[in-house]
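Chain by chain, the residues:
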Amino acid sequence: MKAILSADRNWGIGYRNKLLVSIPSDMKFFRQTTTGKVVVMGRKTLESFPNGLPLKNRINVVLTGNPDYDAKGAVIVHTEEELMEELGKYDTEDIYVIGGESVYRMMLPHCDTVYVTKIDRAFQADTFFPNLDQMDEWVLAEEGEEQTCFDLEFRFTRYERRS
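Residues numbered from 1 in each chain as written. Predicted model: local features only at pLDDT ≥ 70, side-chain atom pairs only at ≥ 80, totals over all residues. Heavy atoms only, no water.

As for the side chain of Thr33
Here comes step 1: Topologically, Thr33 is positioned in helix α1 (residues 24-34).
Here comes step 2: One polar contact links the side chain of Thr33 to the main-chain carbonyl oxygen of Phe29, over a distance of 2.6 Å.
Here comes step 3: Here Thr33 is in contact with Ile4 and Tyr96, once residues within four sequence places are set aside. (Helix = DSSP H or I, 4+ residues; strand = E, 2+ residues; numbered from the N terminus. Polar contact = N/O pair within 3.5 Å; in protein donor to acceptor, adjacent residues only side chain to side chain. Contact = heavy atoms within 4.5 Å.)

And the structure:
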């Protein structure tokens, strides 16, 4: 299982249920990486998408505590147990955790790879991803060239769980 996200210098990932910044090449990487795969998210992440609709050409699995919640075209689960049972139907290599903070924290122990678009700036954020650089079980396996979008510098990175 994998996680995919963009994070600022402080591992901030969002503010008021929105991404901190939208970088076209990061969006493209996300689309190319997750298309045809299973994406796992919380309800608020789903609702942050255009029109609150599931992502096209993917199996969208949404975790919510609301027993009456419905999202057309998404698989809705209500507990971590139900989520794990649902994910057991798929190849773990095809599963991407895409947010938000509580879902990332719940699922990180099940992930072996994390793709992080690291943005070299600190934004105002109210949701965060665990700092993998401070966790012994994670190693920075790949770091791409620095890129620029407008005045933002960022890199595509890949972390792997130590075996």
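Things to note about the packing of aromatic side chains
Here comes step 1: For the structure shown, the criterion picks out 7 aromatic pairs.
Here comes step 2: Ring plane angle 25 degrees and centroid distance 6.2 Å describe the contact between Trp11 and Phe129, whose orientation is recorded as stacked. Residue Trp11 is found in the loop between β1 (2-7) and β2 (12-15), and its partner Phe129 is found in the loop between β9 (127-128) and β10 (138-143); the two are separated by 118 residues along the sequence.
Here comes step 3: A relative accessible area of 5% places Trp11 in the buried class.
Here comes step 4: With a centroid separation of 5.8 Å and 65 degrees between ring planes, the pair formed by Phe29 and Tyr115 is classed as edge-to-face. Of this pair, Phe29 sits in helix α1 while Tyr115 sits in strand β8 (residues 113-119), and the two are 86 residues apart along the sequence.
Here comes step 5: The exposure class assigned to Tyr115 is buried, which follows from its relative accessible area of 18%. (Phe/Tyr/Trp six-rings, centres within 6.5 Å; stacked < 30°, edge-to-face > 60°. Buried < 20%, exposed > 50% of the residue type's maximum accessible area, 1.4 Å probe, protein only.)

Concerning the environment of Asp151
Here comes step 1: Tracing the sequence through the fold places Asp151 in the loop between β11 (147-149) and β12 (152-161).
Here comes step 2: Residue class for Asp151 comes out exposed when judged on its relative accessible area of 54%.
Here comes step 3: A sequence separation of 45 residues divides Asp151 from Met106, and the C-alpha atoms of the two residues are 34 Å apart.
Here comes step 4: A polar atom in the side chain of Asp151 sits 3.2 Å from the side chain of Arg121.

A few points about the layout of surface pockets
Here comes step 1: Taken as a whole, the largest pocket encloses approximately 930 Å³ of empty space.
Here comes step 2: The wall of the largest pocket is formed by 33 residues, among which Leu19, Thr45, Ser48, Phe49 and Ile98 lie closest to the centre.
Here comes step 3: Among the secondary structure elements, those contributing two or more residues to the lining of the largest pocket are β1, β2, β3 (18-19), α1, α2 (43-48), β7 (95-99) and α4 (101-107).
Here comes step 4: Of the residues in the lining of the largest pocket, the class split is 14 nonpolar, 11 polar and 8 charged. (1 Å grid on protein atoms, 1.4 Å probe; cavity = no way out; pocket = protein on both sides within 12 Å on 5 of 7 lines; lining within 4 Å. Points joined across faces, edges and corners; volume = space filled by probe spheres on them. Nonpolar A, V, L, I, M, F, W, Y, C, P; charged D, E, K, R; others polar.)

Focus: the pairing of strand β5 (residues 59-63)
Here comes step 1: Of all 5 residues making up β5, 4 are buried, and the element is well covered by its neighbours.
Here comes step 2: Where strand β4 (residues 38-42) and β5 come together, 5 bridges link them in parallel fashion. Across the sheet, residue Met41 finds its bridge partner in β5, namely Val62.
Here comes step 3: Between the parallel elements β4 and β5, the chain passes through α2 in a crossover that is right-handed.
Here comes step 4: Alignment of β5 against strand β6 (residues 74-77), held across 4 bridges, turns out to be parallel. (Pairing = 2+ DSSP bridges. Right-handed = clockwise from strand over helix to strand, strands pointing away.)

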